[in-house]
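Each chain, letter by letter, is given below.
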Amino acid sequence: MKPRKWPIVVGTVALVLVVAGMGFWVWHEQPSFCGAICHTPMDPYVETYDQPVGQAGVDKWGNEVADTSSMLAVAHKADGQTCLDCHVPTLGEQLTEGVAWATGGYGVPLQEATLEDLTAARGLEPDTFCLNESCHNLTRDDLANATADMVRNPHLAYHGDISCGSCHKAHRASVNYCSQCHADAETPQGWLTADEDAALPTGE
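Keep in mind that what you see is a predicted model, and the values were worked out from it rather than measured.

Residue placement: Asn176 occurs in strand S3 (residues 175–176). Here Glu186 takes part through its backbone oxygen, which lies 2.8 Å from a polar atom of the side chain of Asn176. When near neighbours in sequence (up to four residues on either side) are disregarded, Asn176 contacts Ala185, Glu186, Thr187, Trp191, Leu192 and Ala194.

Structure below.
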């Protein structure tokens, strides 16, 4: 009797699929995945992430940036973090993005997401996107104390709680939100004043 070959074939196919799936998952966790295949709209974002820290560079629109350290994507990469340390899309978000990609319903670069956008689908408060035990294990009071020596303390709630993302930008130069009203507000090196930010060509 001839030995049956189908168990070997099935086993081999299953092994290949498992190895391929594991390889795909490992790639899925890398920044290079975010600029490939259906993630074409993410190209400008991956390009900002890939720039060296502390040098002149460009933002997601191609505008010159005096110091890439002012972009959180670059600063976080220097700390060993990847895109998926900040961007953890839910299945619903991925399906929505997939439909937008398939139908061409997007612009390049994508419209800037707020912290509210990035946390809403997960049922989280915007502050927890940055202020959590895994990232910045601080409270707003801790932040206010850290910048207490500034003429205009940007972390005091003079006008209510202002979102971290009003100043801190990931794929473009960070902006001194206070400077739109206060000329004496200190703008960190490499950052933009509110007027400089408003004058940027954004393509949106």
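Within the structure shown, the criterion is met by seven salt bridges. Of the charged contacts in the structure, one is a salt bridge between Glu112 and Arg172, with a shortest N-O distance of 2.7 Å. Linking Glu112 in the loop between helix H5 (91–103) and helix H6 (115–120) with Arg172 in the loop between helix H7 (140–146) and S3, this pair joins segments that are 60 residues apart in sequence. The class for Glu112 is partly exposed, based on a relative accessible area of 29%. Classification of Arg172 by relative accessible area gives buried; the value is 7%. The closest approach of N and O atoms between Arg152 and Asp184, which form a salt bridge, is 3.0 Å. Taken together, the positions of Arg152 in the loop between H7 and S3 and Asp184 in the loop between S3 and strand S4 (192–193) put the pair 32 residues apart, joining distant regions of the chain. Arg152 gets classed as partly exposed once you look at its relative accessible area, which sits at 30%. Each member of the salt-bridge network shares a partner with another, and the members are Lys60, Glu112, Arg172 and Asp197.

Bringing a nonpolar patch on the surface into the picture now. Judged by side-chain polarity, Trp101, Tyr106 and Val108 come together as a nonpolar surface patch covering roughly 280 Å² of accessible area. One can find Trp101 in helix H5.

Another aspect to go through is the confidence of the model for the chain. Of the residues in the chain, 83% reach a pLDDT of 70 or more, and the chain-wide mean stands at 83. Per-element confidence in the chain ranges from a low mean pLDDT of 67 for helix H1 (residues 6–28) to a high of 96 for S4.

Scoring rules and cut-offs
Residues numbered from 1 in each chain as written. Predicted model: local features only at pLDDT ≥ 70, side-chain atom pairs only at ≥ 80, totals over all residues. Heavy atoms only, no water. Helix = DSSP H or I, 4+ residues; strand = E, 2+ residues; numbered from the N terminus. Polar contact = N/O pair within 3.5 Å; in protein donor to acceptor, adjacent residues only side chain to side chain. Contact = heavy atoms within 4.5 Å. Salt bridge = Lys/Arg side-chain N within 4 Å of Asp/Glu carboxyl O. Buried < 20%, exposed > 50% of the residue type's maximum accessible area, 1.4 Å probe, protein only. Patch = residues over 30% accessible without salt bridge, like charges linked within 9 Å, V, L, I, M, F, W, Y side chains within 5 Å. Areas by Shrake-Rupley, 256 points an atom, 1.4 Å probe, with all protein chains shown as cover. pLDDT = per-residue confidence, 0-100.

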